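So you can see what is in the structure, the chains are spelled out below.
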Amino acid sequence: MTNQEQYIEFGIGNENYAILISEIQEIIKYQEITEIPASRPYVRGIINLRGRIVPIISLRSLLSFDEEHITKSTRIVVVNHREESVGIIVDRVIKVAMFTDIQPPPDHLGVISGDYFVGIGISGTELVGILKLDQVLLHE
């Protein structure tokens, strides 16, 4: 399947992932997060983004990577999901990408369910997991 839509490609550890650019509200530098007691392990807390309270999740934690180390490259990708803003912590934002080929995802990518992915984007020699936001953000 070919696709001419644009994606934001970002990194978590040594892996690259992407989200449709139309689902992204903005990308901001990492900022202090107010923790929420008794929340799920991947929910880091909330931030105040220009007067709006935005919940923040750790994609690293959700995808079973080791704990994140905040660096100057760490970003929060704010997405629109079901008419709400949600921030996703990523290690680094790489580029705007278009994929020449998108293949269906396997049932599992390591410990990660294939249900989290729309597909695997192929760009040159790189493979990029294209995330299905509904599955990722509604993770139980």
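Note that the coordinates shown come from a computational prediction; the quantities given were computed from them, not determined experimentally. (Residues numbered from 1 in each chain as written. Predicted model: local features only at pLDDT ≥ 70, side-chain atom pairs only at ≥ 80, totals over all residues. Heavy atoms only, no water.)

(A) Broad picture of the pairing of strand β12 (residues 117-123). Where strand β9 (residues 101-103) meets β12, three bridges bridge the pair, whose relative direction is antiparallel. Looking at the pairing, Ile102 lines up with Gly121 of β12. As judged from the six bridges shared by β12 and strand β13 (residues 126-131), these two strands associate in the antiparallel manner. Residue pairing across strands places Ile122 opposite Leu127, the latter belonging to β13. The hairpin turn running from β12 into β13, its antiparallel successor, is two residues long, and Gly124 in that turn takes a positive phi close to 65°. (Pairing = 2+ DSSP bridges. Helix = DSSP H or I, 4+ residues; strand = E, 2+ residues; numbered from the N terminus.)

(B) Structural context of the confidence of the model for the protein chain. On average, residues of the protein chain carry a pLDDT of 88, and 94% of them reach 70 or more. No element of the protein chain has a lower mean pLDDT than strand β10 (residues 108-109), which averages 70, and none a higher one than strand β3 (residues 24-29), which averages 96. (pLDDT = per-residue confidence, 0-100.)

(C) Main features of the packing of aromatic side chains. Within this structure, the stated rule accounts for three aromatic pairs. For the pair Tyr7 and Phe99, a centre-to-centre distance of 5.2 Å together with 50° between the ring planes defines the contact as tilted. Pair noted here: Tyr7 is in strand β1 (residues 7-12) and Phe99 is in the loop between β8 (92-97) and β9, with a separation of 92 residues, a long-range link. An identical accessibility class is assigned to Tyr7 and Phe99; each is buried. (Phe/Tyr/Trp six-rings, centres within 6.5 Å; stacked < 30°, edge-to-face > 60°. Buried < 20%, exposed > 50% of the residue type's maximum accessible area, 1.4 Å probe, protein only.)

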